[in-house]
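Report on the structure
If you want the building blocks of each chain, they are given just below.
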Amino acid sequence: RQGEHGPEILLVTTRTTKRWLIPKGWTMDGKADHEAAATEAYEEAGVRGIADTMPVGQYGYLKLLKSGKPRHLTVQVFAIAVDEVLDDWPEKSDRERQWASPQQALALIGEPELLPVISVFAKRHGGVPKSSSAGSGGVALLKRWWRQFF
């Protein structure tokens, strides 16, 4: 969404460690990647809207699986035009959500690999007019995880 000083990014906490991240999820059978991203945004952060069909960008990530083995994943990031911010959503009891400026998001997330993606996002959405309602008309940044086979 457009905040007082420019575009803002929606962050959510992880279920277990409570670290701040952008909403994420795996691909979903029968859904295009941007549609799956919008579904994850609803489930994890309680927002509804239209996801861009093209990713904002991507970056590499090393994820530690439950088995203890690391796996390299390529993360595709989609932007969503938020139409509605809900008071109740499926993972509300497991997560917190917060809107942040791109700079605040980078500091809270602590993933330097996201810097170029967030920079592209901020440039693309820096001219978006402010919404008349505080909770709508915004933009959330969403991660989609892709399995990378090597």
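Provided above is the structure to which this section pertains.
Residues numbered from 1 in each chain as written. Predicted model: local features only at pLDDT ≥ 70, side-chain atom pairs only at ≥ 80, totals over all residues. Heavy atoms only, no water.

**A closer look at the environment of threonine 74**
Counting through the fold element by element, threonine 74 comes out in strand β7 (residues 70–85). The spacing of threonine 74 and tyrosine 61 is 13 residues in sequence and 6.2 Å in space, taken between C-alpha atoms. (Helix = DSSP H or I, 4+ residues; strand = E, 2+ residues; numbered from the N terminus.)

**Side note on helix α2 (residues 102–109)**
Of all the positions in α2, only Pro102, Ala105 and Ile109 are classed as buried. Projected down its long axis, α2 carries its buried residues within an arc of 55°, all on one side. Exposed and oriented more than 90 degrees from the buried face of α2 are Gln103 and Ala107. Tucked inside the fold, the buried residues of α2 contact β2 (6–7), β3 (9–13), β4 (20–21), β8 (97–100) and α3 (115–125). (Buried < 20%, exposed > 50% of the residue type's maximum accessible area, 1.4 Å probe, protein only. Arc of directions from axis to C-beta. Contact = heavy atoms within 4.5 Å.)

**Regarding the environment of alanine 32**
Within the fold, alanine 32 resides in the loop between β4 and α1 (33–45). Judged by relative accessible area, alanine 32 falls into the partly exposed class, the value being 34%. On a C-alpha basis, the gap between alanine 32 and threonine 53 in space is 8.5 Å, while along the polypeptide they are 21 residues apart.

**Looking at the sheet that holds β3**
Taking strand neighbours across the sheet as the criterion, the three strands line up as β4-β3-β8 in an open arrangement whose pairing is antiparallel. Every interior strand has two partners, whereas the edge strands, β4 and β8, have only one. As paired strands, β3 and β8 are joined by four bridges and run antiparallel to one another. Across the sheet, the residue bridging to isoleucine 9 is alanine 100, located in β8. (Pairing = 2+ DSSP bridges.)

**Considerations on α3**
All buried positions along α3 are accounted for by Val117, Ile118, Phe121 and His125. Buried residues along α3 cover an arc of 95° about the axis, so they all sit on one side. Residues of α3 that are exposed and point over 90 degrees away from its buried face: Pro116 and Lys123.

**Overview of the packing of α2 against α3**
It is the contact of α2 with α3, at a shortest axis distance of 10 Å, that shows an interaxial angle of 160°. Considered as vectors, α2 and α3 are oriented roughly antiparallel to each other. Note that α2 runs across α3; the crossing there is right-handed. The residues of α3 that touch α2, namely those facing Pro102, Ala105 and Leu106, are Leu115, Ile118 and Ala122. Its residues assigned to classes, the contact of α2 with α3 shows six nonpolar, no polar and no charged. (Axes fitted to C-alpha atoms, helices over the stretch in contact; angles between N-to-C directions. Parallel < 35°, antiparallel > 145°, perpendicular 65-115°, else oblique. Left-handed = near helix turned anticlockwise from the far one by under 90°. Nonpolar A, V, L, I, M, F, W, Y, C, P; charged D, E, K, R; others polar.)

**Details of the pattern of salt bridges**
For the coordinates displayed, the defined rule picks out four salt bridges. In this structure, glutamate 91 engages arginine 15 in a salt bridge whose closest nitrogen and oxygen atoms are separated by 2.9 Å. Highlighted residues: glutamate 91 in the loop between β7 and β8 and arginine 15 in the loop between β3 and β4, separated in sequence by 76 residues. Note on glutamate 91: relative accessible area 10%, which makes it buried. Using a relative accessible area of 45% as the deciding quantity, one classes arginine 15 as partly exposed. The partner of arginine 95 in a salt bridge is glutamate 44, and the shortest N-O contact between them spans 3.5 Å. Of this pair, arginine 95 sits in the loop between β7 and β8 while glutamate 44 sits in helix α1; the two residues are 51 residues apart in sequence, bridging distant segments of the chain. No difference in accessibility class separates arginine 95 from glutamate 44, as the two residues are buried. (Salt bridge = Lys/Arg side-chain N within 4 Å of Asp/Glu carboxyl O.)

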